[in-house]
Amino acid sequence: MATAQAVSSSRSWFKSLELVLGLLFAGGIALVVLLSPVLFPDGGEGMDLMARLTPPFQSWGHILGTDPLGRDVLARVAVGGKISLMVGFLSVLGAVTIGTLVGLVAGYYRGIAEMLLMRFADIQLALPFILVAIMFLAILGAGIDKVILVMIATQWVQYARLVRGSVLAMREREFILSARAIGVGNGRIIFTHILPNVLGPIIILMTLQVANNILLESSLTFLGLGVDPLIPSWGGMLADGRTYLQTAWWVSVFPGLAIMFTVLGLNLLGDWLRDLLDPTGQTSK
Amino acid sequence: MAGFILKRLLQAIFVVLAVTLIVAFAIRLSGDPAIMMLGGGGNVTEQDLQNIRQALGLERPFYVQYLSFLQGILTGDFGRSFMGGTPVSLLISRALPATLLLAFASLIVSIILSVPLGIYAAVHRGRWPDQLIRILSLVGLSFPNFWLAIMLVLLFSIVLGLLPPSGMEGPESFIMPALTMAIILTATNVRLVRTSMLETLSQQYIMVARSKGLRDRVVLYKHALRNSAIPLVTYIGLQFGGLIGGIVIIERVFNWPGMGTLAFDAISNRDYPVLQGTITVLALFIILINLLVDIAYGLIDPRIRTE
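Note that this is a predicted model, so its numbers are computed, not measured.

K.L.:
What exactly am I supposed to notice about the interface of chain A and chain B here?
P.N.:
Interfaces are often sized by the accessible area lost when the parts come together. On the side of chain B, 48 residues touch chain A, which itself brings 45 residues to the contact. Across the chain A to chain B interface the summed buried area is about 4,300 Å²; carbon plus sulfur atoms make up 78%. Its largest share of buried area at the contact with chain B, chain A owes to Leu 131, Met 135 and Ile 139 of chain A, together 14% of the area lost on that side. Taken together, chain A and chain B are joined by three salt bridges.

Listed below in structure tokens is the structure:
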């Protein structure tokens, strides 16, 4: 058996690696995506008809090759990332806002709000997101705004549950009791004493959810229920690329790798944050 | 114990009601089924539309329609497809086995892979095999399952020419869809096995077993694994919903004739009764599995009942 010290030093070495790789992957891709209007002013739409179906790593002009219309794969991956990152961040922002408010109220006042929240949580556990999304998007029609709305509508519950749990653990603590004893109002207790103490788990969950929602958006777009197929997006490129997998594998490989490195980077950061902010493991699955 | 089962049962019934209500409501948002059935043709008169609404019972208030939808579920009647009038229950009875076959096969493969890997990681906690398994499982959680499916098609069908890219022609058609889901599931399950083993290994009875001089293998497989199995089964049972959701997408890639394919065909045909039936049956199935797992857990481990 390794000594405890050896384990912990290999562990802290590994933790730093997690942070470095996480920043490198997620940050690197985010940087390319954010700079894409400068790097690729044609928005990935330019067709180089003489260079159709160029394989990757063979021409400086098209490092990652071109698709059957002669569009540059690298440019489209960079531009397409905007959709993924936007959906990831906006959906999480919406869900965390609603979820935190509901969770604070349910955990602090308990009663009917708490009861309703827990029943919502039961429903959410029984209905996989993808089924709900398929049903509503099939009926309401595809679209990026609707994808974000469905994500917010189904995911706020997770934040609410997490916050409720933290608040329950917190509300009988002495510093809260003493705040109440000296007459601090409920609203002030919730926002200045309780909220800052539950932020850690929320931030971890947010990081992991951005990653998760990037995956979900790509799935929905791949299925034709997400982003308009005319707008470059990772899921859309994969749906396209699948039809000419035999002649141009690179069109399907690179957007998938872009998703993988973005999500892996965020997952690594989430893991790193978990050890930093949540040593007792409230957010572990 | 009876109280515990009753409580869980009531919860499940509540969830069934809520879920069916959501489905019924969503389908109502789709607009007027009468117009959809007749299409936008020029010869449709208001009278035709009225007749269809009458026949479908659309003139009744929403709650009456919802109750008759519930009644339909109880009797296995989900209405008829807009395309050709086949009973939805018949379509589902053909598609559901294909989906469940994939679900259970990939679950079994993933358990075969993740139990030894997870134990290995737990035993080597903090050392490089553990870190490697951890990294691999993080990578496995980081790509969309349909992309993995496409990559497997690229490798096994196009490059190696070993397996058919889609359909349900023979046993070979089954390998790639099941493998895709098994790999995705294994990425999660390895972590679950590892955590649950670590927890068990820190218990006092393990220390007692070790201090009695029992061999490591006996302690691991007889004492630790058996006691870890209970929480594991629960976690894995709770993933069932996610598993079904994943399969629905994978079926699309492989043209696997299951519930996912049925649902997507229904979407492109705007065949809402079929969509409604598919989603409802899948959701009911997931609720049932979760309920059974919960009750089983309560039966095996009395501490849960008092929670």
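K.L.:
Looking at this structure, I do not really get the side chain of Gln 155 of chain A. What am I missing?
P.N.:
Summarising the element assignment, Gln 155 of chain A is placed in helix α5 (residues 144–171). If near-sequence neighbours (up to four positions away) are discounted, Gln 155 of chain A is found in contact with Ala 95, Gln 124, Phe 129, Gln 209, Asn 213 and Leu 216 of chain A.

K.L.:
Quick question: what am I supposed to make of the layout of surface pockets here?
P.N.:
Remark: the empty space left among the atoms is shown by a probe the size of a water molecule rolled over them. Residue and element names in this part refer to chain B. When its volume is computed, the second largest pocket comes out at roughly 810 Å³. Going through the elements one at a time, α1 (2–28), α2 (33–38), α3 (46–56), α4 (62–74) and α13 (272–300) are the ones with two or more residues in the lining of the second largest pocket. Element by element, the count of residues in the lining of the second largest pocket is highest for α4, at six residues. Broken down by class, the residue content of the lining of the second largest pocket amounts to 13 nonpolar, nine polar and six charged.

K.L.:
Which parts of the structure should I look at to understand the packing of aromatic side chains?
P.N.:
For any two aromatic rings, the description comes down to two numbers: the centre-to-centre distance and the angle of the planes. Counted according to the given criterion, the structure contains 11 aromatic pairs over all chains. With a centroid separation of 6.0 Å and 35 degrees between ring planes, the pair formed by Phe 104 of chain B and Phe 240 of chain B is classed as tilted. Of this pair, Phe 104 of chain B sits in helix α5 (residues 88–123) while Phe 240 of chain B sits in helix α11 (residues 240–254), placing them 136 residues apart in sequence. Look at Phe 240 of chain B and you get buried, because its relative accessible area is 3%. Taken together, Phe 57, Trp 249, Trp 250 and Phe 254 of chain A form an aromatic cluster joined through their ring pairs.

K.L.:
So what exactly am I meant to see when it comes to the pattern of salt bridges here?
P.N.:
Any two side chains of opposite charge can pair if their charged atoms end up close together. Tallied over the full model, the rule gives 13 salt bridges over all chains. In this structure, Asp 122 of chain A engages Arg 119 of chain A in a salt bridge whose closest nitrogen and oxygen atoms are separated by 3.0 Å. On the criterion of helical spacing, the pair formed by Asp 122 of chain A and Arg 119 of chain A is a turn pair, its members being three residues apart in helix α3 (residues 111–126). Owing to a relative accessible area of 22%, Arg 119 of chain A belongs among the partly exposed residues under this scheme. Among the ionic pairs, Arg 171 of chain A bridges to Glu 172 of chain A, the shortest N-O distance being 3.1 Å. Owing to a relative accessible area of 17%, Arg 171 of chain A belongs among the buried residues under this scheme. Salt bridges sharing common partners tie together Glu 18, Asp 271 and Arg 274 of chain A together with Arg 134 and Arg 191 of chain B.

K.L.:
Mind showing me how you'd approach empty space enclosed by the protein here?
P.N.:
Residues and elements named next belong to chain A. Enumeration according to the criterion identifies one cavity of 30 Å³ or more in this entry. For the largest cavity, the calculated volume is near 80 Å³. For the largest cavity, the lining is made up of 13 residues, of which Asp 67, Arg 71, Arg 76, Met 237 and Asp 240 are closest to its centre. Going through the elements one at a time, α2 (73–109) and α8 (234–243) are the ones with two or more residues in the lining of the largest cavity. When residues of the lining of the largest cavity are assigned to their parent elements, the largest contribution, three residues, is made by α8.

K.L.:
I tried to follow the environment of Ser 93 of chain B on my own but got confused; where do I start?
P.N.:
The topology assignment puts Ser 93 of chain B in helix α5. Between the alpha carbons of Ser 93 of chain B and Met 259 of chain B there is a distance of 9.5 Å; along the sequence they are 166 residues apart.

Calculation rules
Residues numbered from 1 in each chain as written. Chains lettered and ligands numbered in written order. Predicted model: local features only at pLDDT ≥ 70, side-chain atom pairs only at ≥ 80, totals over all residues. Heavy atoms only, no water. Contact = heavy atoms within 4.5 Å. Buried area = accessible area lost by both parts, 1.4 Å probe. Salt bridge = Lys/Arg side-chain N within 4 Å of Asp/Glu carboxyl O. Helix = DSSP H or I, 4+ residues; strand = E, 2+ residues; numbered from the N terminus. 1 Å grid on protein atoms, 1.4 Å probe; cavity = no way out; pocket = protein on both sides within 12 Å on 5 of 7 lines; lining within 4 Å. Points joined across faces, edges and corners; volume = space filled by probe spheres on them. Nonpolar A, V, L, I, M, F, W, Y, C, P; charged D, E, K, R; others polar. Phe/Tyr/Trp six-rings, centres within 6.5 Å; stacked < 30°, edge-to-face > 60°. Buried < 20%, exposed > 50% of the residue type's maximum accessible area, 1.4 Å probe, protein only.

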